[in-house]
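Now for the letters of each chain:
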Amino acid sequence: MFADIIIDISHEQLDRTFQYNIPDNLRDIVKIGSQVRIPFGRGNKLITGYVIDITSKANYPVDKIKDIESCLEDRVGIASDMINLAYWIKKNFASTMNQALKTVIPVKDKVGPKEKKSVVLKVTKEKAVILNETYKKKNSKAKVRLIEALIEEPVLEMEIIRNKLNISTSTINLLEKDNVIEVTTKKYYRNPVKDNDAFKKNKAIVLNKEQEEAANTIKKDVEEQRYNTYLLHGVTGSGKTEVYLDVIKEVIDEGKQAIVLIPEIALTFQTVLRFYHRFGSKVSILNSKMSKGERYDQFLRSMKGEISVIIGPRSALFTPFPNLGLIVIDEEHEGAYKSDKTPRYHARPVAIHIAKNKQIPVILGSATPSIESYELAKRGEYKLITLNNRAGNATLPKIYVEDMRRELQMGNRSVFSKRLQSLIVDRLEKKQQIMLFLNKRGVAGFISCRSCGHVMKCPHCDISLTAHNNGKLMCHYCGYEQPNVTICPECGSKYIAGFRAGTQALESLINKMYPTAKVLRMDMDTTKNKGGHEKILEQFANHEADILVGTQMIVKGHDFPDVTLVGIVAADMSLYAGDYRAPEVTFQLLTQSAGRAGRGNKKGEVVIQTYTPEHYSIETAANQDYIGFYEQEIAYRKLLGYPPIINMLKITVSSASEEALDEASNLLKDRASNLDNSIVLGPSKANIYKINDIFSKVIYIRNKEYDKLTLIYENLDAYVVGNPKFRNVSVNYDFNA
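Residues numbered from 1 in each chain as written. Predicted model: local features only at pLDDT ≥ 70, side-chain atom pairs only at ≥ 80, totals over all residues. Heavy atoms only, no water.

A. Summary view of the overall build of the chain. Of regular secondary structure, the chain possesses 21 helices and 30 strands. Relative to a compact globule of 737 residues, whose C-alpha radius of gyration would be 27 Å, the chain shows 30 Å and is just as compact. When each of the 737 residues of the chain is scored for burial, the buried share is 55%. For the chain, restricting intrachain contacts to residue pairs at least 6 apart in sequence, the fraction spanning at least 24 positions comes to 73%. Counting every atom, the chain has about 33400 Å² of accessible surface; 47% of that belongs to carbon and sulfur. (Helix = DSSP H or I, 4+ residues; strand = E, 2+ residues; numbered from the N terminus. Rg over C-alpha atoms; globule rule 2.2 N^0.38 Å. Buried < 20%, exposed > 50% of the residue type's maximum accessible area, 1.4 Å probe, protein only. Contact = heavy atoms within 4.5 Å. Areas by Shrake-Rupley, 256 points an atom, 1.4 Å probe, with all protein chains shown as cover.)

Take a look at the structure:
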């Protein structure tokens with residue numbers, strides 16, 4: 001028998017299979033998906049590889065085929081369907097097979113099991129009392145302490161005996177030798193979901209008419225084992241999670257499992273609470289903050305069918321459930337579902353590919369669906385379900401748009417408008433909670449005027465220009481550049497510059513302006529340690545703070561019924577991020593932020609602070625008008641040729657030599673220009689041209705058909721591999737970036 005093996009080296013020239021003989025002693029061990037050690041190259045150096053097929057047919061003369069040296073049984077194996085998925089990811093998201101394999105195996109190394117030791121009293125309580133009298137006479141105080149404790153409780157955990165009773169190992173060994181006690185060892189799974197009183201509550205959920213109709217539609221597919229992708233478009237607070245829960249109950253009742261993707265680890269705590277209320281210990285989580293042991297144990301529990309629901313960010317999609325019945329992608333519009341490492345896959349199409357193969361439904365849920373998803377729903381490729389009303393008695397908040405240009409004219413140079421300041425005072429007096437969101441996304445360096453709101457934009461791409469350290473303003477799509485400005489070309493004001501502010505500065509300002517208020521800050525710094533997100537959110541939920549200040553992680557999916565005021569500081573920061581998706585991201589962030597207010601019985605208010613209140617993304621967000629935003633945005637995408645109307649392949653070319661970079665990027669542009677009538681833009685300097693002495697340029701290729709772009713990628717990649725012109729140049733590919 002022979003094994004086709006892909007070797008564990010992410011190099012394009014080695015991205016193919018190599019055949020090895022399976023020796024007799026490994027016949028029963030080596031399987032598809034096994035990780036093996038094999039001799040490779042002239043020196044027969046031992047390296048690692050994955051078995052992706054087993055066959056009785058030799059592709060080469062048998063005497064020239066080397067033997068597999070050993071099988072790594074302490075590594076997690078992968079099934080053939082995972083190998084097929086890895087191949088699909090490799091083909092559709094521009095990576096090597098090995099990179100794709102490592103993506104679909106979120107847990108690689110086997111980790112030893114956790115053990116819990118206990119001490120059991122072997123003799124009767126009557127005999128133990130007699131023995132204790134003997135130990136007292138001999139002044140064996142430690143033995144007396146332990147036996148007295150075991151008379152009260154015949155089984156005690158070793159941790160309690162050592163830490164609480166201060167009993168040494170030698171004392172335990174002596175009593176065990178005398179057959180008075182017995183030490184037992186029990187293996188157990190690490191559980192990332194810690195015991196919490198909130199989990200023990202069992203809330204009965206009664207769906208309203210809209211929710212019930214939505215759930216029943218999807219449950220039919222679960223019952224009939226039928227694939228469909230549903231776009232569940234519900235206003236913030238409409239109860240999309242209750243729909244997920246109801247459908248998942250059907251999935252569990254059918255003996256199947258569900259994957260629930262969430263965009264941020266910050267959302268795990270509240271999401272797990274809600275799922276635990278319904279399904280108890282059948283729920284677990286997977287995320288990057290967990291220990292290797294915790295992740296490995298959830299992997300095993302999933303494979304054995306001991307878990308019914310897994311919740312986590314992007315990588316949880318690859319949980320090896322034996323009988324998967326449903327995939328849910330909550331907040332499906334979120335950019336976090338796109339990987340920023342090769343392969344740069346997006347969870348949405350991967351989930352749909354898995355669901356089609358398994359003939360199961362997918363739910364994409366959002367109050368602000370991505371333009372791509374809504375366009376596909378309009379075309380009929382997804383089934384659209386709409387929830388128009390907030391659940392319960394809650395109503396949408398009242399939204400104010402504050403023009404910060406006018407605030408400046410009135411002499412207010414604070415980052416807070418007069419209205420926001422007065423509303424903060426009002427909420428503090430009423431003992432209600434406040435969330436202040438600093439829109440930091442896209443702080444790459446766009447230049448705007450605080451007097452009139454004018455933003456320096458590219459005359460060719462309708463994208464904001466980015467300020468570089470060399471004193472130039474540049475467009476990262478077409479390469480247009482011009483000198484930086486110190487006077488606004490629109491109104492002549494000197495107040496034109498990039499916006500610079502952080503959550504820490506905002507927190508300090510609040511403490512100064514409202515010294516009696518208790519403030520919590522949630523950003524990358526305060527959540528970098530394990531459990532950081534949960535701790536802050538739990539404190540805020542327990543009313544240990546009046547004001548929560550943070551970046552976008554505080555405005556995604558959280559549900560705090562006593563938050564009645566949301567302030568959005570610097571809404572423009574994401575609006576001019578030098579990216580064609582900037583208006584979409586801004587609309588989503590503002591709408592989602594506003595959705596955090598008034599989710600309970602109290603009316604909510606929202607203040608959006610901006611220098612461009614007339615922009616359609618801000619106007620439609622203030623009116624909570626998704627359809628109005630979509631219609632304007634899709635019109636711009638059609639006009640300018642952006643996804644989802646036309647697909648794009650982004651090529652990033654990097655080198656330590658500017659000369660080599662220029663030559664390589666021009667060669668790629670020339671070759672791409674001759675392929676399949678595609679539109680080629682660039683090469684232009686990357687967003688940050690030089691990082692760690694490496695220079696980068698980008699090329700964009702546009703084509704209506706995605707499949708044609710994948711063929712273009714394969715053509716260009718084959719051209720690059722082994723080409724001496726690219727010896728000191730790296731080339732990376734990204735679709736629809």
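B. Up close: the packing of helix α12 (residues 371-379) against helix α19 (residues 626-640). The interhelical angle for the contact between α12 and α19, taken along N-to-C directions, is 95 degrees, at an axis separation of 11 Å. Put simply, α12 runs roughly perpendicular to α19. Where α12 approaches α19, its residues Ile-371, Glu-372, Tyr-374, Glu-375 and Lys-378 are matched on the opposing element by Tyr-626, Ile-627, Phe-629, Tyr-630, Glu-633, Ile-634 and Arg-637. Among the residues making up the contact of α12 with α19, the classes are represented as 7 nonpolar, no polar and 5 charged. (Axes fitted to C-alpha atoms, helices over the stretch in contact; angles between N-to-C directions. Parallel < 35°, antiparallel > 145°, perpendicular 65-115°, else oblique. Nonpolar A, V, L, I, M, F, W, Y, C, P; charged D, E, K, R; others polar.)

C. Structural view of the sheet that holds strand β16 (residues 398-403). Taken together, the 6 strands give an open sheet; going across it, the order is β16-β26-β25-β17-β24-β23, and neighbouring strands pair in parallel fashion. Edge positions in the sheet fall to β16 and β23 (519-522), since each has one partner strand and no second. Neighbouring strand axes in the sheet, compared pairwise and without regard to direction, differ in orientation by 15 degrees on average. Bridging between β23 and strand β24 (residues 547-550) involves 4 bridges; their strand directions are parallel. Looking across to β24, one finds that Leu-520 is bridged to Leu-548. The sheet contacts of helix α15 (residues 503-513) involve β17 (433-438), β23, β24 and β25 (563-569), and relative to β23 the element is tilted by about 175 degrees. Docked against the sheet, helix α17 (residues 582-594) engages β16, β17, β25 and β26 (605-610), running at close to 155 degrees with respect to β25. (Pairing = 2+ DSSP bridges.)

D. Local environment of the environment of Glu-663. Relative to the helices and strands, Glu-663 resides in helix α20 (residues 658-673). Among the residues examined, Glu-663 registers a relative accessible area of 35% and is labelled partly exposed. Along the sequence, Glu-663 and Phe-726 sit 63 residues apart, while their C-alpha atoms lie 9.1 Å from each other.

E. Geometry of the nonpolar core. Ile-248, Phe-275, Val-309, Ile-311 and Val-350 are the most contacted members of the largest nonpolar core, which has 115 residues in total. The biggest single contributor to this core is helix α8 (residues 240-253), with 7 residues. In this structure Phe-275 touches Thr-241, Leu-245, Ile-248, Val-260, Gly-280, Val-283, Val-309 and Ile-311, once residues within four positions along its chain are discounted. Counting 25 residues, the second largest nonpolar core, distinct from the first, contains Ala-94, Tyr-689, Ile-699 and Ile-712. (Core = buried A, V, L, I, M, F, W, Y, C linked by side-chain atoms within 4.5 Å.)

F. Quick peek at the packing of aromatic side chains. Under the criterion given, the structure shown has 17 aromatic pairs. Between Phe-318 and Tyr-345, the aromatic rings sit 5.7 Å apart at their centres with planes inclined by 65 degrees, giving edge-to-face as the arrangement. Taken together, the positions of Phe-318 in the loop between β12 (309-312) and β13 (324-330) and Tyr-345 in the loop between β13 and α11 (347-358) put the pair 27 residues apart, joining distant regions of the chain. In this structure Tyr-345 comes out as buried when scored by relative accessible area, which is 4%. Ring geometry for Tyr-374 against Tyr-626: centres 5.0 Å apart, planes inclined by 70 degrees, an arrangement best described as edge-to-face. Taken together, the residues Tyr-374 in helix α12 and Tyr-626 in helix α19 connect sequence positions 252 residues apart. As far as the burial class goes, Tyr-374 and Tyr-626 line up, both buried. Each residue in the set Tyr-374, Phe-587, Tyr-616, Tyr-626, Phe-629, Tyr-630 and Tyr-636 is aromatic and connected to the rest through ring pairs, giving one cluster. (Phe/Tyr/Trp six-rings, centres within 6.5 Å; stacked < 30°, edge-to-face > 60°.)

G. Fine view of the pairing of β25. Of all 7 residues that make up β25, 7 are buried, and the element is covered over most of its length. With 4 bridges joining them, β25 and β26 adopt parallel strand pairing. Opposite Gly-567, over in β26, you have Val-607 as the bridge partner.

H. Summary view of the packing of helix α1 (residues 80-92) against helix α2 (residues 97-104). Look at α1 against α2: their axes get within 8 Å of each other, and the N-to-C directions meet at 125 degrees. What the angle tells us is that α1 and α2 run oblique. You can see that α1 and α2 cross each other, and the crossing is right-handed. Within the contact between the two elements, α1 uses Met-82, Ile-83, Leu-85, Ala-86, Tyr-87, Ile-89 and Lys-90 and α2 uses Met-97, Ala-100, Leu-101 and Val-104. Considering only residue class, the contact of α1 with α2 consists of 10 nonpolar, no polar and 1 charged. (Left-handed = near helix turned anticlockwise from the far one by under 90°.)

I. Structural view of helix α6 (residues 169-177). Within α6 the residues assigned to the buried category are Thr-171, Ile-172 and Leu-175. The buried residues of α6 all sit within an arc of 100 degrees when viewed along its axis, so they share a single face. Structurally, α6 contributes buried residues whose contacts are with α3 (125-137), α4 (141-152), α5 (158-163) and β8 (181-188). The first or second residue beyond α6 is Asn-179, which carries a positive phi of 60 degrees. (Arc of directions from axis to C-beta.)

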